[in-house]
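Examining the three-dimensional arrangement
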There are 2 protein chains.
Amino acid sequence: MHAPLPPPSLPTPKAIRVNTRGAVILAEESPETRDSRGIYLPNYIEPVSHIAIDIGGSLAKVVYFTRSPQSSSSPSVVATQGSSPSGKSFSTSSADSPSGSPPNATCPIPCSSSQTRNGTLTPRVLESHYNGNGHSNGRDHYPPDTPDSLDTDLLHSTILKRSTEVRHIPGGSINFERFETSNISALVAFISELITRSAAANGVSIEEMRRGVKISATGGGAHRFGKLFEGELVVDVQREDEMECLIEGMKFMVTIPEEVYYFSDELIQEVTHHISRDVQNEIVSDGPATSGNATPSTSAEPVLERPSPDPPRYAVTFETSEPSAHLPCLLVNIGSGVSIIKVDADGSFERVSGTSLGGGTLWGLLSLLTPARTFDEMLALSEKGDNASVDMLVGDIYGTDYSKLGLKSTMIASSFGKVFRSRGEAKDEGERGTFRAEDISRSLLYAVSNNIGQIAYMNAEKYGLDRIYFGGFFIRGHAATVATLSYAIRFWSKGTKRALFFRHEGFLGSIGAWIKNIDVEETPISVLPS
Amino acid sequence: MHAPLPPPSLPTPKAIRVNTRGAVILAEESPETRDSRGIYLPNYIEPVSHIAIDIGGSLAKVVYFTRSPQSSSSPSVVATQGSSPSGKSFSTSSADSPSGSPPNATCPIPCSSSQTRNGTLTPRVLESHYNGNGHSNGRDHYPPDTPDSLDTDLLHSTILKRSTEVRHIPGGSINFERFETSNISALVAFISELITRSAAANGVSIEEMRRGVKISATGGGAHRFGKLFEGELVVDVQREDEMECLIEGMKFMVTIPEEVYYFSDELIQEVTHHISRDVQNEIVSDGPATSGNATPSTSAEPVLERPSPDPPRYAVTFETSEPSAHLPCLLVNIGSGVSIIKVDADGSFERVSGTSLGGGTLWGLLSLLTPARTFDEMLALSEKGDNASVDMLVGDIYGTDYSKLGLKSTMIASSFGKVFRSRGEAKDEGERGTFRAEDISRSLLYAVSNNIGQIAYMNAEKYGLDRIYFGGFFIRGHAATVATLSYAIRFWSKGTKRALFFRHEGFLGSIGAWIKNIDVEETPISVLPS
């Protein structure tokens, strides 16, 4: 069932069928689920029963829509609590363990392999079959997800907060879950449970429920795992082109308020120097650097030209442009590897470049070099590190700035450039391993992030694009990553281009696969023979 | 004595004062000195006594000119035999130990920290002082270096051979040596010995010899170590701009026959598939790949467009263009870090880009991840490796090609992308470390080389340059490195740009510093007060 890919075609501009007016991003208690907050859509009341899955090299991302009988928290939080069918437990941190990474977590990438306890699918086909039969599947019988508050605490303490209360409004929620691709059975069990629960809630048999459910699969694994889903879940699987889904997902997400954000110049510096305060270390590898001072106003260095005349100081800034203003742009999707996609003003797109140095490279090397077992543990390590102990800085070579070339002494000349020299001086094997995991983590995070930023910039320049969107699970809303990518774009473009980010950074492909099938949902679903 | 850098200025076109007619590259017995073969100049008979040193982040490269009383081998071979003043021994492999890397070598980067036993400096100032005094410093009293044969065995068995005999011709040799920057005392001892020996050969006191010797220092360390040289060696030190020296060195080296080479398309494939024959693995990370077959003529794949209509098959090809034909070009110097320099047709230049992911990154990470202690050991490991065991290939994700995007299943989607997944599946610490050092070495060599090739290509495209020269010690004439860089340029440029290499790849800066001071040599040297 490795279906041949459809022939190349430009995507047709597609009207978004989901009413996002009044959409709010739900609260999450755990940093591990900060990118998978549910999105509450108070004005979207259509029944939706398809499940979108984006299966990448490392992670499978799931998107589905529920109108939930429970209301105390968003589905994603619940989804990450409890035990998975595979026996792996994965608890989120609670209020009294705010560190974020549960010490006993065995899931190397933060993921939910548990089962959502609340929220069910509402297939249109069942609604039309059973309405008036006494089964409570009418929309007014379903209290919507009712989040207690909006939590915009995307990046710890650095961002805007507000406390809008949204209670008892009809609608439903888009839910986001992720699983390891290597543990696909957990994903299958999750969906199986969702179907079983939905069947019970809709008062129909599981077989009937299955006929009302469809899986939209995208990403590389859509081809590898499509047959598995069809066989084990007994549901129709429709495969969607990966790049089309990324673009559709991006176009949908820019309609969600407080979804797209960027770092102000001041925040980039603030984050950079807060984390690496011992060494006033620039986060770009090469070329002229801006002032290393945290307070640019007191610096003698010239102020760098900015993307906007007056960006907000010390703030995550949410993009409030009209959705149409986001195009044309460059979309850089950083998963295990990196895809770079040029998107034109009319929504047509082309994958123009990429690099194999992506999230998989960082995770893979750090899993060899540090004791960290999860990606968030690696990011936590990097926050405590000082890359100057492993990186060769300009000052290490020149003893000073190389001012003729505008290279400041604090800039990275060679990532990991100090390691070999030091190792060479060691007399025996026992002297190896003198580098701190924290420093190694930080150095590699810088190296990968900055390299992606550099290649992204060069493509944006080549195609004359000023807006560079970064998506993909690599980012994790991690301040140092966002700041490094932002700094690289700002530096190389001399402030003329802007790096933009999504709060649901890892779900662009899956939300795109979900949106693409909203249209199809309008008609009854035909069930494939299993 | 950290002299301020001179103000930025365009270099003035400089006439090369060294007669390179009939120049030949001398034989070397050891792979470790394959990039530091002496260059014999039969028609250059001027006395030259200055020593050029290019001090980078990891290595210090030395160039000097001798008219040697011995003739059995080139100075570089002798220089790598014997013991260094620091107590480190470093023997080259002999005919009966052809493996290349001596097992007991403690010098992590192949370098000569020993003392050249033959070859002396011939200061013009001494010649004018002592001519006719009975001291045998007349040119006809100095038999030149007389190599037994020319060895163009640059890349093992893959290249052209010939057996021209060059004996008993007057002239002299340019000598190349390298030292670790972290062991600068070995370099000081080497030069001190050279001065002492030259003083004896010229029949003058050491003090007088010192007044006839000058050091031209470039590279980052010229500033850090300049005062050290002046103090310990009691010689004049002149600092030269690093980028100017690189360009001058390149302009000189293109005048040396059989110095500049490139890989034919067929050789790139041959090398790639010879080394990684188990997995027909492409060496580019991204974008459409050419056929994975070692015999392109039998392949059904379309033949890739080529830089020239009919490149030689299965051969290293020496560039035979006139020196003027080399400009304009892009020069990519890969040392610990990477500098990318645009060189215009008139010789003016600008450092336009760079990356911190260079040789220092490869060496540093591999010294943490493998038991290799020297760079050549790392390269030897990589030759036996299969990166498919650690890299996530397109086929690992998609199960097949992603033909819509032209991504072949054998291409690298994520460098080290399999490691994290596998590590996540391991039950405990004991299962860590299941990756072979050979495979890790190969993956990282690919990742760094291909990334440099990609960034180099993008700069060449930006500035409309078709010739991309790679220099720097990273390359080491290593077939996989040369093939990867060549493939990346060929792939990204769709065959319109060519990657070119130097046999003395690591010495561009030092030869440039040497050449720049040939003019000054014409006039008596003024000695600085020490």
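Everything below is about the structure shown above.
Overview of the structure. (Residues numbered from 1 in each chain as written. Chains lettered and ligands numbered in written order. Predicted model: local features only at pLDDT ≥ 70, side-chain atom pairs only at ≥ 80, totals over all residues.)

All right, on to the relation of the copies chain A and chain B then. Once chain A has been moved 0.0 Å along the axis and rotated by 180 degrees, it coincides with chain B to within an RMSD of 0.0 Å. As the rotation angle and translation indicate, the two copies are arranged about a two-fold axis. A symmetric contact is evident, with 97% of the interface residues of chain A recurring at the interface of chain B. (Least-squares fit on C-alpha atoms with pLDDT ≥ 70 in both. Contact = placed C-beta atoms within 7 Å.)

A few words on the sheet that holds strand E3 (residues 50–55) of chain A. Residues and elements named next belong to chain A. On the basis of which strands lie adjacent, the open sheet formed by seven strands has the order E1-E2-E5-E4-E3-E6-E7 and mixed pairing. Each edge of the sheet is formed by a strand with only one pairing partner; in this case those strands are strand E1 (24–25) and strand E7 (236–239). Note that E1 and strand E2 (residues 39–41) share two bridges and pair antiparallel. Bridge pairing in E2 links Val 24 to Tyr 40. Across the face of the sheet, helix H14 (residues 508–516) comes into contact with E3, strand E4 (59–66) and strand E6 (214–218) while running at roughly 145 degrees to E3. (Pairing = 2+ DSSP bridges. Helix = DSSP H or I, 4+ residues; strand = E, 2+ residues; numbered from the N terminus. Axes fitted to C-alpha atoms, helices over the stretch in contact; angles between N-to-C directions.)

With that settled, the discussion passes to the pairing of strand E3 (residues 50–55) of chain B. All names here are of chain B. A large share of E3 lies buried, amounting to six of its six residues. Going residue by residue along E3, you find His 50, Ala 52 and Asp 54 tucked away on one face and Ile 51, Ile 53 and Ile 55 tucked away on the opposite face as well. The sheet contact formed by E3 and strand E6 (residues 214–218) spans five bridges and is parallel. Each residue of the ladder has a partner; that of His 50, found in E6, is Lys 214. (Buried ≥ 20, exposed ≤ 12 C-beta atoms within 10 Å, placed from the backbone.)

Attention now moves to helix H5 (residues 221–233) of chain A. A bend of about 25 degrees at A:Lys227 is the largest found in H5(A). All of the buried residues along H5(A) are A:Gly221, A:Ala222, A:His223, A:Arg224, A:Phe225, A:Gly226, A:Phe229 and A:Leu233. The inward-facing, buried residues of H5(A) contact E3, E4, helix H3 (184–202), E6 and E7 of chain A together with helix H10 (394–398) of chain B. Positioned one or two residues after H5(A), A:Val234 has a phi angle of 55 degrees, which is positive. (Bend = angle between axes of the 7 residues up to and from the residue.)

So, on to the interface of chain A and chain B. Reports often express the size of an interface as the amount of accessible area lost when the parts come together. On the side of chain B, 60 residues touch chain A, which itself brings 62 residues to the contact. Among the elements of the structure, H5, strand E12 (349–355), helix H8 (359–369), helix H10 (394–398), strand E14 (412–414), helix H11 (417–425) and helix H12 (437–462) of chain A are those that each provide at least two residues to the side of chain A that touches chain B. Of the residues forming the side of chain A that touches chain B, the biggest block, eight residues, is contributed by H8(A). Grouping the amino acids of the side of chain A that touches chain B by side-chain chemistry returns 22 nonpolar, 30 polar and ten charged. (Nonpolar A, V, L, I, M, F, W, Y, C, P; charged D, E, K, R; others polar.)

The next thing to look at is the packing of helix H9 (residues 375–383) of chain A against H12(A). Residues and elements named next belong to chain A. The contact between H9 and H12 brings their axes to 7 Å, and the two run at 100 degrees. The pairing of H9 with H12 is recorded here as roughly perpendicular in orientation. For the pair H9 and H12, the contacting residues are Met 378, Leu 381 and Ser 382 in the first and Ala 437, Glu 438, Ser 441, Arg 442 and Leu 445 in the second. (Parallel < 35°, antiparallel > 145°, perpendicular 65-115°, else oblique.)

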